[in-house]
Structure formats: C-alpha cells, structure tokens
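Structural overview
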Amino acid sequence: MSSFLRGPRVGLLAAYAVVFVGLDTGATLFETALGVSPWYPSAGLHFALLLLLGPLFAPVVFAASLGSGLWISTPALPLGHLLLPNLVIASAHAGAAAWLRHRLADADLLSVRTALRFCLVALVLPAVVAVLAVASYRWTGLYGADAPLASILLGWWVGDAVGILTVTPLVLLLAHRWVVPDVLNEAEASLLHVQVRSPEAVARLAVQAAAVFGTLALVFYGPLGDRFPLYLCFLPLLWVGLQDGLPRTILAVGAVNLGAAGALAHHDQPGGVLPFQLFMLAYALTGLVLGVLVTQRQRSVQLLQRAGRTLEDRIRQYTPHLLSPQAESSRAGSDRLGSEPSPPCTPMTRFRCRSPRREARGCTPAPGTSLPSTSPSSSRKPPSPASTSRKTSFCPSFRTI
C-alpha cells in the first residue's frame, strides 16, 4: 500500500511544510546553548510523514532538512556542508519507515507488539542517523577533530528520539480519521477519539490538563529552586493513562515535553541538559506503553460487550420460533416416541437382552419365553463343544458371544 491516508496529498504536504517551519523555529527558541536543544521535533514530523505517505516521499524530507539548514538554523550553514548529511538523514528515515510499514501491513496497530516495534525504531533510528550524519559533517569539514564527539552523538540521539516518541504519535493521532480502513478499521479508530461531547467529559479533560500543567509548574517553578523533582510529572500521567488510554496519554506527553523544553530554556543547568533529555525520553516511553495497554483492554471490553449483544439478539430472534405451535407439536411427538416401551424379547433377540443396559431400559420377554439367567449363582452347565460348534455354524453372528 503506497499511502495510509485518504484524500489528496497536496493539502497534507502544505500542512507538513507549515508545521515543519514552526517546529524547527521553535526548536531554536528552546536552545540551551548555541545549536543545542533538548529535543528536535522535526525528526518526529519527518518520520510521521514517511509513515503515512510512504518512503517515496523521502525527497520532501530532504528538501525540508536542506531548507532548514540554509534559512532556519542559526547560524546558517553552507550548502556544501548540508547535501550529504541531509541525504543520509532522509535515506535513514525512509528505510526505517519502510521497515515499520512492512511490519504493520498485517499487524494490529493498537497492540503492545506494535508499540514496542515503534519504540525500537524510535531508539535505533536516531542512533544510526547521529553516527552517519556526524561522520558526514566531519567529512565535509564542519566538525573539527577537537570537537567533543561523544557529547554530540549522545545529544543528537536523545534529542531525535524524544522528537520521534513525542511528535510522531501526536501526528498519527490527529490524522487517524483519514487513515484508510484497511489499516485502521472503524472500531479501532473510535478508541482514538478524544471524547469531549458531554459536560462531564469536558470537566474531566479540564481537570486532567490542570493536573498536568500544575505539576509541571511545580517542578520547574516551585519552591525547590534548582532541584527539580521530575518524578512528580509521572503522577498525572499515570492517572490520565489508566483512566482514558492512549489518546489523552499522547496529549499529556506532548504537553509535558513541550513545557519542559520551554522551561529549560529559562533555567541554568549546572549538570547539563542530558538529565532532562533522559527524563523526556523516559516520560514518552512510559506514556506510550501505558496508553497502549489500557486501550487494548478497552477494546477487549468492547468486543465482549458486542458479542453479548449479538447473543441476546439471536436469543430474541429464535425464541418466538421455539414457542410456536409447530414447535410445541414437534416436542409433544418426540415425548410420545420416547415414552413407548421397548419391543418384547424373542428367541432371536434374547441374547441381546442379556445386556444389563438392555434390562435397565425395560426389555421384556415375549409371551411364552423367558430370559436366560445372568446371575452368577444360577446352576448352569457350561456348553459342550459340539453345541457351541452347532451354534456357531447355525448363526455366524454368535461368534461374538
């Protein structure tokens, strides 16, 4: 399948260009140092585009990355330093998207296995891109030999991984209404809706948003100063995930990571930005896996309820037929046939009547005949070999007796 989306591609590509410029510009606003940002949301947008439309749109990713380096990055980079690294970035994203799309062809999109595969790609792809892109930059002469290579690779990997784990699920959640039914059916798509139709749902969403942003403000702007209790951010995430599943969990992860990146730009980090990046990475992984687990349970409950309603409909459909006069007469005829006595025993059937099961069923001897005794105390002489041979020759069926 070339595309997972219905409708024209032009509108989607235009929306992608606008969102990409906004996210890439916002990443420069969140920089804690020159060229250092806690996360790179454009990586998640690239991967979401290639997942939805297919790896054939890798040239769009290459053009967007090239334009970002020429006009958005501060300072702007020369064209000669951008061609090879951006080609590597677009090719790696296209290959990862092609592999994941192949795995999703016959898979359950809302299963834990699919979520773990996506998390694996989100962790491995940035590592590959970081190594190849940094090597390309150094080959073109952008990074000198004295540059801290380990810190560059680690920061690139964590920033891209956070961007993919945060932005890609958010884009897929917003675009799930236009996904083709072969990939996501109507029942599965209904589980991804953020239900705000009733006043109770609106009030609950408002309380959850207040809990998420209130905890974030307490962590970064609370009375503890530079000691940020980041673990407190997991409490509202657990509440939202266990209560509403994947859709609101994705929204909570996006809100917290965006707020954390904005708060870090206004705080000094004596220990560097890496601990906060690792927090954002762990937060996104926890929210995604927790949301998928709860949504999978919700779908199982829906399937059981649907099966129960189907069974009740079948019972209501066939109950009038079972109570009809024709059904009553058929049951009466069956009862009469079952109450008839067994046929009387005759000399031809007396040996069959010797079975205790036949006797229990009420096998009666015919008038003038008697059943052979089966009591062990009866004085019965053993048959002679001659009589046995005569019986055997007279009736071959007696050999089984």
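Further up the page is the structure itself.
1. Focus: the pattern of salt bridges
The full count for this structure, using the stated rule, is four salt bridges. The salt bridge partner of Arg204 is Asp244, with a shortest N-O separation of 3.1 Å. Of this pair, Arg204 sits in helix α8 (residues 199–221) while Asp244 is found in helix α9 (residues 234–244), placing the two residues 40 residues apart along the sequence. Of the residues examined, Arg204 reaches a relative accessible area of 33% and is grouped as partly exposed. A relative accessible area of 14% means that Asp244 is categorised as buried. The partner of Arg316 in a salt bridge is Asp313, with the nearest N and O atoms 2.4 Å apart. Note that Arg316 and Asp313 are positioned in helix α11 (residues 274–322) at a spacing of three residues, about one turn of the helix. The class of Arg316 is exposed, set by a relative accessible area of 53%.

2. So, the packing of helix α5 (residues 112–140) against helix α6 (residues 149–174)
At their nearest, the axes of α5 and α6 sit 8 Å apart, and the two run at 140 degrees to each other. By the criterion of interaxial angle, the relationship of α5 to α6 is oblique. As for the relative orientation of α5 and α6, their crossing is right-handed in sense. Grouping the amino acids of the contact of α5 with α6 by side-chain chemistry returns 22 nonpolar, one polar and two charged.

The rules behind the values
Residues numbered from 1 in each chain as written. Predicted model: local features only at pLDDT ≥ 70, side-chain atom pairs only at ≥ 80, totals over all residues. Heavy atoms only, no water. Salt bridge = Lys/Arg side-chain N within 4 Å of Asp/Glu carboxyl O. Helix = DSSP H or I, 4+ residues; strand = E, 2+ residues; numbered from the N terminus. Buried < 20%, exposed > 50% of the residue type's maximum accessible area, 1.4 Å probe, protein only. Axes fitted to C-alpha atoms, helices over the stretch in contact; angles between N-to-C directions. Parallel < 35°, antiparallel > 145°, perpendicular 65-115°, else oblique. Left-handed = near helix turned anticlockwise from the far one by under 90°. Nonpolar A, V, L, I, M, F, W, Y, C, P; charged D, E, K, R; others polar.

The values reported here are purely geometric and, on their own, carry no functional implication.
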